[in-house]
Amino acid sequence: MPPFRAPRGTRDLLPTERSAFRRLEAVAADLARRYGYREIETPMFEEAAVFERGVGAVTDVIEKELFRIAHRSDEGESWALRPEPTAGIVRAYIQHGMQTWPQPVKLTMTGPMFRYDRPQAGRYRQFWQFDIEAIGDPGPAIDAEIIELGRSFYRLAGLDEVEILLNSIGDAACRPAYIAALTAYYAPHADRLPAIERERLHKNPLRLLDSKDPAMAELNAGAPRITDQLCDACQAHFTAVRGHLAVLGIVYRLEPALVRGLDYYTRTAFEFYIPGRQGQQQALGGGGRYDGLAGLLGGRPTPGIGFGLGLDRIVLALQAKGALESSEAASVAVVVGADPADTATRLRVATDLRAAGIAARADLSRRKLGKQLESAAKERVHFVVIIGDELADGNVQLKDLDAGSQQLVPLADLARKLASGDKSHRHGVGESQGPAGRS
Ligand code: HAM
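As the structure is a computational prediction, the values presented were derived from the model and not from experiment.

Novice: In this structure, what is going on with the site of the ligand? I would like to understand it.
Specialist: The full set close to the ligand counts 28 residues, and Glu-84, Thr-86, Tyr-124, Glu-133 and Tyr-265 are the nearest of them. Take Gly-306: an N or O atom from its main chain is 3.5 Å from a nitrogen atom of the ligand. About the coverage of the ligand: the protein hides 95% of its 660 Å² of free accessible area. Broken down by secondary-structure element, the contributors of at least two residues to the shell around the ligand are β6 (126-135), β10 (285-289) and β11 (304-310). When its residues are assigned to classes, the shell around the ligand shows 10 nonpolar, 10 polar and eight charged.

Structure representation (structure tokens):
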């Protein structure tokens, strides 16, 4: 057993997995750009009050999962690692006077989030989100646009089957009456409720609806539905969101029990799932409208909507169906040499190739040529540059490992030859000629 391991609930992303993340980040960045979202980067920690007020003090994310940061000096502040990006982004929107910018302000951020959760499959203490926020637009059209953007992301990521669950959870006008109805519904059963649910009944009855406790399933099935109690304005908004989704041809499932785990939501709420895997810890992503959040954080009332898509769970889903593509960059060429001791020439040739833009590695071991070639063949490298006696005339041997061919090439032409050879390899030319056993 090694003496040190990554902290519980965290993991090292080794090169193959990191490369899968990198590909998702690239898809996210490209989509965000196409839809007009600009990148923002907020600190990984904030004053804890940003999350307590924004996300809501009586939520699992704050009560149980907030990573508070211990102080070295007492500056009267209390910080916490960000459990999610939305509160920090809206804090930045207010702080930098973005309400004077053309609205909506469309922002995106991809990075690690931290929740002190009980670790299990797909639930980590450090995880990555692709986040999108459109602040300053009350919808309904942008609600549909954002849901469609989420669906596009999953499709490009390789998860065509992802299902969209949709609900409206009302606003300050209609939610209080709904919460009263919910409390009245559960109150006669209070004695029979699991302890944690009984506490929620008093503090945050909405949370009962997405209880993870199987004992709650039957009771929850009969609970009043928010969509039956929406005020006229929320009802009209929801109908219009659905109208826009229909125009875009987006298929979704209405889920009246979808309330989301964070308090700032109003109206539109949605989550993304692999069909059949619906459950608390299985959401691939989720989001919704948060028209009250800017007000909670001391700004003037400003509507907003966004989503957070969990990259870790997407990678797990791709892994589960054997679709994890690795775009790991392998060297195009390895420079080997007949004189094991002459590491300097190999290093110089590889350095010149890299300066010319070629991904090249020099074999800097002092192994015999045979061993150097063996090691190059084990890599996913296409070419080997062999330095031998021909160098005296300014030439090297260029071996194409896939084609199994070898030619004498002037050193001055080497970078150009490798660049064109790499291009044809990447476009599949010569792929079928490779000797068996290489991939
Ligand atoms: P959320 O539903 O709390 O929403 O998180 C979004 C996604 O992050 C989840 O659907 C899940 O894929 C992933 N996730 C959450 N917790 C974990 C964890 N412990 N381990 C692995 N993945 C996790 C939000 O965070 C909102 N800020 C989304 C949003 C943006 N709403 C409006 N704008």
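Novice: How do you make sense of the sheet that holds strand β15 (residues 395-400) when you look at a structure like this?
Specialist: Adjacent strands of a sheet form backbone hydrogen bonds with each other and so pair up, either parallel or antiparallel. Read across the open sheet, the five strands follow the order β13-β12-β14-β15-β16; overall the sheet is mixed. Edge positions in the open sheet fall to β13 (360-362) and β16 (405-410), since each of these has one partner strand only. Averaged over all pairs of adjacent strands, the angle between their axes in this sheet comes to 25 degrees, without regard to strand direction. As defined by bridge partners, strand β14 (residues 383-387) adjoins β15 across four bridges and the pair is classed as antiparallel.

Novice: Honestly, helix α1 (residues 15-34) in this entry has me stumped. Any pointers?
Specialist: One full turn of an α-helix is made of 3.6 residues, so residues set three or four places apart face in the same direction. With 20 residues, α1 extends 28 Å from end C-alpha to end C-alpha; this agrees with the ideal 28 Å at 1.5 Å per step. Buried residues of α1: Glu-17, Ser-19, Ala-20, Phe-21, Arg-23, Leu-24, Glu-25, Val-27, Ala-28, Leu-31 and Ala-32, and no others. Once α1 ends, the next one or two residues include Gly-36, with phi positive near 85 degrees.

Novice: Teacher, can you tell me more about the side chain of Asp-143 here?
Specialist: Secondary-structure assignment places Asp-143 in helix α5 (residues 141-157). With residues near it in sequence (within four places) discarded, Asp-143 still touches Pro-138, His-237, Val-241, Thr-268, Arg-289 and Ile-305.

Novice: How should the sheet that holds β11 be read in this particular structure?
Specialist: Pairing is mixed in the open sheet, where eight strands are placed in the order β1-β5-β6-β11-β10-β9-β7-β8. In this open sheet, the two strands that pair with only one neighbour each are β1 (38-39) and β8 (253-254). Where strand β7 (residues 163-168) meets strand β9 (residues 266-273), six bridges bridge the pair, whose relative direction is antiparallel. Paired with Leu-165 across the two strands is Glu-271, which belongs to β9.

Novice: Quick question: what am I supposed to make of the pattern of salt bridges here?
Specialist: Opposite charge on two side chains permits pairing when their charged atoms draw close. Taken as a whole and judged by the stated rule, the model has 24 salt bridges. The closest approach of N and O atoms between Arg-18 and Glu-25, which form a salt bridge, is 3.3 Å. Look at Arg-18 and you get partly exposed, because its relative accessible area is 28%. Looking at Glu-25, the relative accessible area reads 16%, which means it is buried.

Novice: Sorry, what's going on with the environment of Gly-136 here?
Specialist: Along the chain, Gly-136 turns up in the loop between β6 and α5. Taking the C-alpha atoms as reference points, Gly-136 and Thr-227, 91 residues apart in sequence, are found 25 Å from one another. Excluding its chain neighbours within four sequence positions, the residues that come into contact with Gly-136 are Gln-103, Pro-104, Thr-302, Pro-303 and Gly-304.

Novice: Would you mind showing me how to read the packing of aromatic side chains here?
Specialist: The full count for this structure, using the stated rule, is 11 aromatic pairs. Through a chain of ring-to-ring contacts, three or more aromatic side chains come together here, namely Phe-130, Phe-153, Tyr-154, Phe-270, Phe-272 and Phe-307. A cation over a ring is seen here: Arg-11 above Tyr-124, with NZ or CZ 3.9 Å from the ring centre. For Arg-242, the ring lying beneath its charged end belongs to Phe-238, and the centroid distance is 5.9 Å.

Novice: Would you mind going over the confidence of the model for the protein with me for this structure?
Specialist: Detailed reading of the predicted model is not advised wherever pLDDT is low. Averaged over every residue, the pLDDT of the protein is 91; residues scoring 70 or more account for 94%. The low-confidence segment residues 429-439 (pLDDT under 50) makes 14 contacts with residues lying over four places distant or belonging to another chain.

Novice: Is there a simple way to explain the packing of α1 against α5 in this structure?
Specialist: Helix-helix packing: each pair is described by the crossing angle between the helix axes and the interaxial distance. Running from N to C, α1 and α5 point in directions that differ by 145 degrees, and their axes come no closer than 10 Å. For the crossing formed where α1 meets α5, the hand is right-handed. Between α1 and α5, the contacting residues are Arg-23, Leu-24, Val-27, Ala-28, Leu-31 and Arg-34 on the first element and Leu-149, Ser-152, Phe-153, Leu-156 and Ala-157 on the second. When its residues are assigned to classes, the contact of α1 with α5 shows eight nonpolar, one polar and two charged.

Novice: Mind showing me how you'd approach helix α13 (residues 369-378) here?
Specialist: Residues of α13 that are buried: Gln-372, Ser-375 and Ala-376. Viewed along the axis of α13, the buried residues span an arc of 100 degrees, placing them on a single side of the element.

Rules of the game
Residue positions within a chain follow its written sequence, with the count starting from 1. Selection of residues for local features in this predicted model requires a pLDDT of at least 70, selection of side-chain atom pairs for listing and counting requires 80 or more, and totals for whole chains, interfaces and linings are taken over all residues. Water and hydrogen atoms play no part in the side-chain values, which are based on all heavy atoms of the structure. One heavy atom suffices: a residue is near a molecule or strand as soon as one of its heavy atoms comes within 4 Å of it. A 3.5 Å cut-off defines polar contacts: any pair of N or O atoms within that distance qualifies, except that in protein one atom must be a possible hydrogen donor and the other a possible acceptor, and neighbouring residues in sequence count only when both atoms are side-chain atoms. Using a 1.4 Å probe, accessible areas were evaluated by the Shrake-Rupley method; residue-level cover was limited to the displayed protein chains. A run of DSSP states H or I qualifies as a helix once it reaches four residues; a run of E qualifies as a strand once it reaches two. Both are numbered from the N-terminal end. Gly falls in the polar group here, along with every residue not listed as nonpolar (Ala, Val, Leu, Ile, Met, Phe, Trp, Tyr, Cys, Pro) or charged (Asp, Glu, Lys, Arg). By this definition, two strands are paired if DSSP reports at least two bridges between them. Axes here refer to lines fitted to C-alpha atoms; in helices the fit is confined to the stretch in contact. Angles between the N-to-C directions go from 0 to 180 degrees. Expected span, for any helix, means 1.5 Å times one less than how many residues it has. Residue exposure (1.4 Å probe, protein chains only): buried if accessible area is under 20% of the type maximum, exposed if over 50%, otherwise partly exposed. Pairs of residues are marked as contacts when any of their non-hydrogen atoms sit within 4.5 Å. Think of a salt bridge as a Lys or Arg side-chain nitrogen and an Asp or Glu carboxyl oxygen that are within 4 Å of each other. Centre distance within 6.5 Å is the pairing criterion for rings of Phe, Tyr and Trp, where only the six-membered ring of Trp is used; planes under 30 degrees apart are then read as stacked, over 60 as edge-to-face, and the remainder as tilted. By definition, being over a ring means that NZ of Lys or CZ of Arg is both within 6 Å of the ring centre and within 35 degrees of the ring normal. Confidence scores per residue from the predictor, reported as pLDDT, run from 0 to 100. When the near helix sits turned anticlockwise from the far one by under a right angle, the crossing is termed left-handed; a clockwise turn instead gives a right-handed crossing. As used here, the arc belongs to the directions running from the helix axis to the C-beta atoms.

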